[in-house]
Amino acid sequence: MAPKGKVGTKGKKQIYEENEATLKFYTRVILGANAIYAAINLLVFYSSSTFWTWLLLVFALAVYVGSYRSMSAMAKPVFAEDGSLLDGGIDLNMEQGMAEHLKDVILLTAIVQVLSTISSYFWYLWLLAPARALYLLWVNFLGPWFSAESPSAPEEVNEKKQRRQERRQMKRF
């Protein structure tokens, strides 16, 4: 049962602490996925590592760096000269925010990277990210724009009806 009344808001300090915990969690996810990938593909199966193994590792690292740096820039706190917290940054745990999509990209990349130790074909699952982006683009922007009603043009009045209405108005005066 949903609580009644106003939804509580988070304070600056709580947002700051939750953002720190969130960034720490995603750092561990990134390091864990890379450790598993490196241990299996680059140590155990080093002799069968190909150019694609290295290229996909670089791709995953670029995705991680871009997403993580965006999240940390959004969560950057502002402190006063005396050290007190002025702003905790944007809440990374807010629903339907950009941070939610960045966290999804990090998790998708980590899952795909770990699964790719079984088979390189699992990298194709990363195509879910652009598919989701296209879906969101369609649902939020393109779909409503294409299906919007055009401004209705004034109805063309039949000439006979227009003359008849003019005669009626003349009779009233």
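Residues numbered from 1 in each chain as written. Predicted model: local features only at pLDDT ≥ 70, side-chain atom pairs only at ≥ 80, totals over all residues. Heavy atoms only, no water.

> What exactly am I supposed to notice about helix H2 (residues 51–74) here?
Residues lying three or four places apart along an α-helix face the same way, a consequence of the helix completing one turn every 3.6 residues. Relative to the 34 Å expected for 24 residues at 1.5 Å per residue, H2 spans 35 Å between its end C-alpha atoms, a close match to the ideal helical length. Those residues of H2 that fall on the buried side of the exposure criterion are Thr53, Leu57, Ala60, Val63, Tyr64, Ser67, Met71 and Met74. On its buried face, H2 sits against helix H1 (12–44) and helix H3 (98–115). (Helix = DSSP H or I, 4+ residues; strand = E, 2+ residues; numbered from the N terminus. Expected span 1.5 Å × (residues − 1). Buried < 20%, exposed > 50% of the residue type's maximum accessible area, 1.4 Å probe, protein only. Contact = heavy atoms within 4.5 Å.)

> Help me understand the pattern of salt bridges, please; the structure alone is not making it clear to me.
Think of it this way: side chains of opposite charge can pair up when their charged atoms draw near. The full count for this structure, using the stated rule, is one salt bridge. Of the charged contacts in the structure, one is a salt bridge between Glu159 and Arg163, with a shortest N-O distance of 3.9 Å. With a gap of four residues between them, Glu159 and Arg163 both fall in helix H5 (residues 159–172), about one helical turn apart. (Salt bridge = Lys/Arg side-chain N within 4 Å of Asp/Glu carboxyl O.)

> What am I meant to see in a nonpolar patch on the surface here?
On the surface, Leu134, Tyr135, Leu137, Trp138, Val139, Phe141, Leu142, Trp145 and Phe146 cluster together into a nonpolar patch covering about 1,000 Å² of accessible area. Assignment of secondary structure puts Trp138 in helix H4 (residues 128–147). (Patch = residues over 30% accessible without salt bridge, like charges linked within 9 Å, V, L, I, M, F, W, Y side chains within 5 Å. Areas by Shrake-Rupley, 256 points an atom, 1.4 Å probe, with all protein chains shown as cover.)

> Would you take a moment to explain the packing of aromatic side chains for this structure?
Within a pair of aromatic rings, the relevant descriptors are the distance that separates the centres and the angle that separates the planes. Evaluation of the coordinates by the stated rule reveals eight aromatic pairs. Both rings, one in Tyr16 and one in Phe79, keep their centres 5.7 Å apart while their planes meet at 85°; by these two values the pair is edge-to-face. Taken together, the positions of Tyr16 in helix H1 and Phe79 in strand S1 (residues 78–79) put the pair 63 residues apart, joining distant regions of the chain. The class of Tyr16 is partly exposed, set by a relative accessible area of 26%. For Phe79, a relative accessible area of 42% translates into the label partly exposed. Plain terms: the ring middles of Phe51 and Trp52 are 5.5 Å apart, the flat faces sit at 70° to each other, and that makes the pair edge-to-face. (Phe/Tyr/Trp six-rings, centres within 6.5 Å; stacked < 30°, edge-to-face > 60°.)

> How should the packing of H1 against H2 be read in this particular structure?
For any two helices packed against each other, the geometry is given by the interaxial angle and the distance between the axes. Here H1 crosses H2 at 175°, and the two axes come no closer than 11 Å. The angle between the axes of H1 and H2 places the two elements in the roughly antiparallel class. Contact with H1, carried on its side by Thr22, Leu23, Tyr26, Thr27, Ile30, Ala33, Asn34, Tyr37, Asn41 and Leu42, involves Thr53, Trp54, Leu56, Leu57, Leu61, Tyr64, Tyr68, Met71 and Ser72 of H2 and no other residues of that element. (Axes fitted to C-alpha atoms, helices over the stretch in contact; angles between N-to-C directions. Parallel < 35°, antiparallel > 145°, perpendicular 65-115°, else oblique.)

> What should I look at first to understand the side chain of Ser116 in this one?
Note that Ser116 resides in the loop between H3 and H4. Classification of Ser116 by relative accessible area gives buried; the value is 4%. A distance of 3.3 Å separates a polar atom in the side chain of Ser116 from a polar atom in the side chain of Trp123. Residues within four places of Ser116 in sequence aside, it is in contact with Tyr37, Asn41, Phe122 and Trp123. (Polar contact = N/O pair within 3.5 Å; in protein donor to acceptor, adjacent residues only side chain to side chain.)

> I would appreciate a short explanation of the environment of Ser67 in the present structure.
By secondary structure assignment, the location of Ser67 is in helix H2. Separated by 37 residues in the primary sequence, Ser67 and Asp104 have C-alpha atoms spaced 9.6 Å apart. In this view, Ser67 contacts Leu102, Val105 and Ile106; residues no more than four positions away in its chain are not counted.

> Any chance you could explain a positive patch on the surface here in plain terms?
The grouping of Lys160, Lys161, Arg164, Arg167, Arg168, Lys171 and Arg172 at the surface amounts to a positive patch. Inspection of the secondary structure assignment puts Arg168 in helix H5. (Lys, Arg positive; Asp, Glu negative; His and termini not counted. Charge placed at Lys NZ, Arg CZ, Asp CG, Glu CD.)

Read these as layout, nothing more, since geometry by itself doesn't imply function.
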